[in-house]
Amino acid sequence: MDSDKAASYGISYEDIRQTLYAAYGNAQIATLYGQTNDYQVILEVAKESQRNPADIKQLYVRGEGGKLVQLDAIASLSQTTGPLSVNHQGNCPP
């Protein structure tokens, strides 16, 4: 994330985090109540837009004044190698 560019659009780290969570997380945005069942409404991008990491570039973040800014304009995506596993003790790394 380019903090200076994001700030120029009035976008914070939290705004980007919320956008990514809404797209790829399990964000429940509503509950529909029927006579016999309740249905959770989950917000996420279409499955075909979750297959390629480059699809993240197609997301938009709401900036200052409600203006939509393409995520690609304020952040970059790079692939690197990482550990196969991360050891945790409780919820903290050792």
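The notes below deal with the structure included here.

## Things to note about the overall build of the protein chain
Piece 1. Counting its secondary structure elements, the protein chain contains two helices and four strands.
Piece 2. Helices and strands in the protein chain line up, N terminus first, as α-α-β-β-β-β.
Piece 3. In terms of C-alpha radius of gyration, the protein chain reaches 17 Å, well past the compact-globule figure of 12 Å for 94 residues.
Piece 4. Across the 94 residues in the protein chain, those meeting the buried criterion constitute 15%.
Piece 5. Contacts spanning at least 24 positions in sequence make up 42% of the contacts within the protein chain whose residues lie at least 6 apart.
Piece 6. In the structure as shown, the protein chain presents an accessible area of about 7,500 Å², 49% of it carried by carbon and sulfur atoms.
Piece 7. Looking at charge distribution, the protein chain has the averaged site of its 7 positive side-chain charges lying 4 Å from that of its 10 negative ones.

## Focus: the side chain of T19
Piece 1. By the secondary structure assignment, T19 is in helix α2 (residues 13-24).
Piece 2. For T19, a relative accessible area of 17% gives the class buried.
Piece 3. Discounting residues that sit within four places of it in the chain, T19 has contacts with L59, Y60 and V61.

## Some points on the environment of K47
Piece 1. Among the structural elements, K47 can be located in the loop between β2 (38-43) and β3 (60-62).
Piece 2. Overall, the relative accessible area of 48% leaves K47 in the partly exposed class.
Piece 3. Sequence separation between K47 and D15 is 32 residues, and the spatial gap between their C-alpha atoms is 23 Å.
Piece 4. There is a polar contact of 3.2 Å between the side chain of K47 and the side chain of E44.

## Section: the nonpolar core
Piece 1. Counting 10 residues, the largest nonpolar core is built from A6, I11, I16, A23, V45, L59, V61, V69, L71 and I74.
Piece 2. With residues up to four places along the chain from it excluded, the contact list for V45 reads A23, Y24, Q50 and L59.

## A word on α2
Piece 1. Helix length check: α2, at 12 residues, gives a terminal C-alpha distance of 16 Å against a target of 16 Å (1.5 Å per residue), a fit within 8%.
Piece 2. Listed in full, the buried residues belonging to α2 are I16, T19 and A23. Here the buried residues of α2 occupy an arc of 60° about the axis, which is enough to place them on one side.
Piece 3. Where α2 is buried, its residues contact β3.

## Description of the pairing of strand β1 (residues 27-33)
Piece 1. Looking at chain direction, β1 and β2 are connected through six bridges and run antiparallel. The residue bridging A30 from the neighbouring strand is V41, located in β2.
Piece 2. Taken together, β1 and the strand that follows it, β2, pair antiparallel across an intervening segment of four residues.

Reading the values: the criteria
Residue numbers run consecutively from 1 along every chain, following the written order of its sequence. pLDDT decides what is reported in this predicted model: residues at 70 or higher carry local features, side-chain atom pairs at 80 or more are listed and counted, and totals for whole chains, interfaces and linings draw on all residues regardless. With hydrogens and water excluded, all non-hydrogen atoms of the structure serve as input to the side-chain values. The way it works is that DSSP assigns letters per residue, a run of H or I at least four long becomes a helix, a run of E at least two long becomes a strand, and they are numbered from the N terminus. The globule rule is 2.2 Å times the number of residues to the power 0.38, and the radius of gyration it is compared with is taken over C-alpha atoms. Each residue gets one of three labels from its accessible area relative to the maximum for its type: buried under 20%, exposed over 50%, partly exposed in between, using a 1.4 Å probe on protein chains only. Whether two residues are in contact is decided by their heavy atoms, any of which lying within 4.5 Å being enough. In these tables, accessible area is a Shrake-Rupley quantity obtained with a 1.4 Å probe, and a residue counts as shielded only by the protein chains included in the view. For the charge count, each Lys or Arg is scored as positive and each Asp or Glu as negative, with His and the chain ends excluded. Positions of charges follow a simple convention, taking NZ of Lys, CZ of Arg, CG of Asp or CD of Glu. Any pair of N or O atoms that falls within 3.5 Å is considered a polar contact. Within protein, one atom must be able to donate a hydrogen and the other to accept it, and sequence-neighbouring residues count only if both atoms are side-chain atoms. In this description, a nonpolar core means a group of buried Ala, Val, Leu, Ile, Met, Phe, Trp, Tyr and Cys residues linked to one another through side-chain atoms lying within 4.5 Å. A helix's residues, less one, multiplied by 1.5 Å, set its expected span. Each C-beta atom gives one direction from the helix axis, and the arc is the one those directions make. Paired strands are those between which DSSP finds at least two bridges.

Interpretation in functional terms is not warranted from these geometric data alone.
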